[in-house]
Amino acid sequence: MLNWEGLLASRAARMKTSEIRELLKLLERPDIISFAGGIPDPALFPAEKVSDAYAKILTGPAATAGLQYSVSEGYRPLREWLVGEMGKIGVPCTVDNILIVSGSQQGLDYLGKIFLSPGDTALVTWPTYLGALQAFNAYEPAYDRLTPMGNRAPESYRVQAEAAAEGGQVKFAYVTADFSNPTGDTLSGPARNQLLDLAEALDIAIIEDAAYQALRYDGESVPPILALDVARHGGDIEKTRTVYSGSFSKTLAPGLRIGYLVAAQPLIRKLVLVKQAADLHSSTLNQMAIAEVVPDIFEAQVARIRETYRQRRDLLLAALSRSMPEGVSWTRPEGGMFVWVTLPEGMDGARLLARSLETEKVAFVPGQAFHADGSGANTLRLSFSCASPAMIEEGMARLGRLIREALADGA
Ligand code: PMP
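(A) Region of the structure containing the overall build of the chain. Helix and strand content of the chain: 14 helices and 13 strands. Its C-alpha atoms give the chain a radius of gyration of 22 Å, near enough to 22 Å, the size a compact globule of 411 residues would have. Taking the principal axes of the C-alpha coordinates as reference, the chain spans close to 65 × 60 × 55 Å. In the chain, which comprises 411 residues, the proportion classed as buried is 54%.

Here is the structure:
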């Protein structure tokens, strides 16, 4: 048999199946109440509208265009609509500042590809989005901890010195500013400004992952980092250092695989070349279908999603309060899909999950995999996006019991 491992590039060494992902496959069993997924509720997909849009495109004069190759930058009417949306959140831009990608996950891969040489440093929070670590890992970076509230001068000095010790330079800070995956946390306005200060001191880019930004359930909305960056430069996006990564996955449907990057033109032009080499362009038909439906349904669709998830979040938080033993704490997200639970020091989320599969049959994602340094063993992620009221009530009662039993056993 061919020794495949011996033939693979060094970057492949960082591509590993995580034990957690393998374990999560077991959680699809019907006897398990799962809070492990982090996917949108399919009942909220605008299936009929999307179906009408496809029918209209494929039976009308645009049929040929919809089935044909198209430009790497993305379908222009969709980018034009996005220009309007970005304007609403304080980011004046033009279509030339936008690249359509096949899901924001692809955008993260492209960003890793153009920024990271092996040994360069990416700043990420502990914990951070696992998919971002997977995307960046292929480009063999080192990671350093992003502490946005950190004091600017000593922090930038430390980070720079450590990156040089790794044999590279700091290239970007990656952050989900709103309702992050996995914690549900949102960066405050001052924290966003401090992050911009740090990025300016280090002269690096910021990647702002806005996958959940539209899903706010309460509290004051905070301007995107890119909007604050633009405001620092007299409204000129060309002078900014922030790349905004947006997605239709949480608002319309993830199966469409359409996301977008918004940034200064020199970076977008370079990313267009990356896209040409990678897949030429994102699905023409899906971009056209989205451009067809968004003017009519986007606002109402987002309002419906917010209403549904807000109720689920509230139910989950209330059930946690009722069911969790002393010593367990959790986040209170203002939006998104996740609540992050911290167990008493010394408890292990992965061991707890293994135990749960035998006894209580409630599922969650152990938090360690979200930490670039392997810390966070006593944390776990709960997703409420697909949970019914009955599931939430019963699931949290089981989780509380599971944790109590594990605590009693000294596990
Ligand atoms: N960023 C974050 C924070 C996410 O949680 C996800 C999906 N789980 C993505 C990016 C990727 O989403 P998509 O490729 O569907 O746009």
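After presenting the structure, the write-up continues.
(B) Expanded view of the sheet that holds strand 5 (residues 170–175). The sheet built from 7 strands is open, its strands ordered 2-8-7-6-5-3-4 with mixed pairing. Looking at strand neighbours, the two that pair on one side only are strand 2 (98–101) and strand 4 (142–145), the edges of this open sheet. Ignoring which end each strand starts from, the neighbouring axes of this sheet average 25° apart. Relative to strand 5, strand 3 (residues 121–124) runs parallel, the two sharing 4 bridges.

(C) Spatial organisation of a nonpolar patch on the surface. A grouping of Leu 2, Trp 4 and Leu 7 is seen on the molecular surface, where their side chains present a nonpolar patch of about 370 Å² in accessible area. Structurally, Leu 7 can be placed in helix 1 (residues 4–7). Here Leu 7 falls in the exposed class, since its relative accessible area comes to 58%.

(D) Focus on the nonpolar core. In this structure, Phe 35, Leu 316, Leu 320, Leu 352, Leu 382, Met 396 and Leu 399 are the most contacted members of the largest nonpolar core, which totals 47 residues. Counting only elements with at least two residues in this core, the list comes to helix 12 (284–323), strand 10 (338–342), helix 13 (349–358), strand 11 (362–363), strand 13 (379–383) and helix 14 (389–408). The two domains that each donate at least three residues to this core are domain 1 (9–45 + 299–409) and domain 2 (50–296). In this view, Leu 316 contacts Phe 35, Val 339, Leu 382, Phe 384, Ile 392 and Met 396; residues no more than four positions away in its chain are not counted. If you look at the next biggest cluster of nonpolar residues, it comprises 35 residues, including Val 50, Trp 81, Ala 227 and Tyr 260.

(E) Summary view of the pairing of strand 6 (residues 205–209). With 5 of 5 residues buried, strand 6 lies mostly within the body of the structure. The alternating pattern of strand 6 places Ala 205, Ile 207 and Asp 209 on one face and Ile 206 and Glu 208 on the opposite face, and all of these are buried. As paired elements, strand 5 and strand 6 share 4 bridges and run parallel to each other. When the sheet's bridge partners are listed, Tyr 174 is paired in strand 6 with Ile 207. For the segment spanning strand 5, helix 9 (residues 189–202) and strand 6, crossover handedness is right-handed. Looking at chain direction, strand 6 and strand 7 (residues 242–247) are connected through 4 bridges and run parallel. Residue pairing for strand 7: Asp 209 is matched across the bridge by Ser 245. Handedness of the crossover joining strand 6 and strand 7 through helix 10 (residues 225–232): right-handed.

(F) View of the packing of helix 12 against helix 14. Relative orientation of the contacting elements helix 12 and helix 14 amounts to 30°, with a least axis distance of 9 Å. Comparing their axes, helix 14 and helix 12 come out roughly parallel. Our pair here, helix 12 against helix 14, has a crossing hand that is right-handed. Together, Arg 312, Leu 315, Leu 316, Ala 319, Leu 320, Arg 322 and Ser 323 of helix 12 and Pro 389, Ile 392, Glu 393, Met 396, Ala 397, Gly 400 and Arg 404 of helix 14 make up the contact between the two elements. The class makeup of the residues in the contact of helix 12 with helix 14 is 8 nonpolar, 2 polar and 4 charged.

Calculation rules
- Residues numbered from 1 in each chain as written.
- Predicted model: local features only at pLDDT ≥ 70, side-chain atom pairs only at ≥ 80, totals over all residues.
- Heavy atoms only, no water.
- Helix = DSSP H or I, 4+ residues; strand = E, 2+ residues; numbered from the N terminus.
- Rg over C-alpha atoms; globule rule 2.2 N^0.38 Å.
- Buried < 20%, exposed > 50% of the residue type's maximum accessible area, 1.4 Å probe, protein only.
- Pairing = 2+ DSSP bridges.
- Axes fitted to C-alpha atoms, helices over the stretch in contact; angles between N-to-C directions.
- Patch = residues over 30% accessible without salt bridge, like charges linked within 9 Å, V, L, I, M, F, W, Y side chains within 5 Å.
- Areas by Shrake-Rupley, 256 points an atom, 1.4 Å probe, with all protein chains shown as cover.
- Salt bridge = Lys/Arg side-chain N within 4 Å of Asp/Glu carboxyl O.
- Core = buried A, V, L, I, M, F, W, Y, C linked by side-chain atoms within 4.5 Å.
- Domains from an automatic or database assignment.
- Contact = heavy atoms within 4.5 Å.
- Right-handed = clockwise from strand over helix to strand, strands pointing away.
- Parallel < 35°, antiparallel > 145°, perpendicular 65-115°, else oblique.
- Left-handed = near helix turned anticlockwise from the far one by under 90°.
- Nonpolar A, V, L, I, M, F, W, Y, C, P; charged D, E, K, R; others polar.

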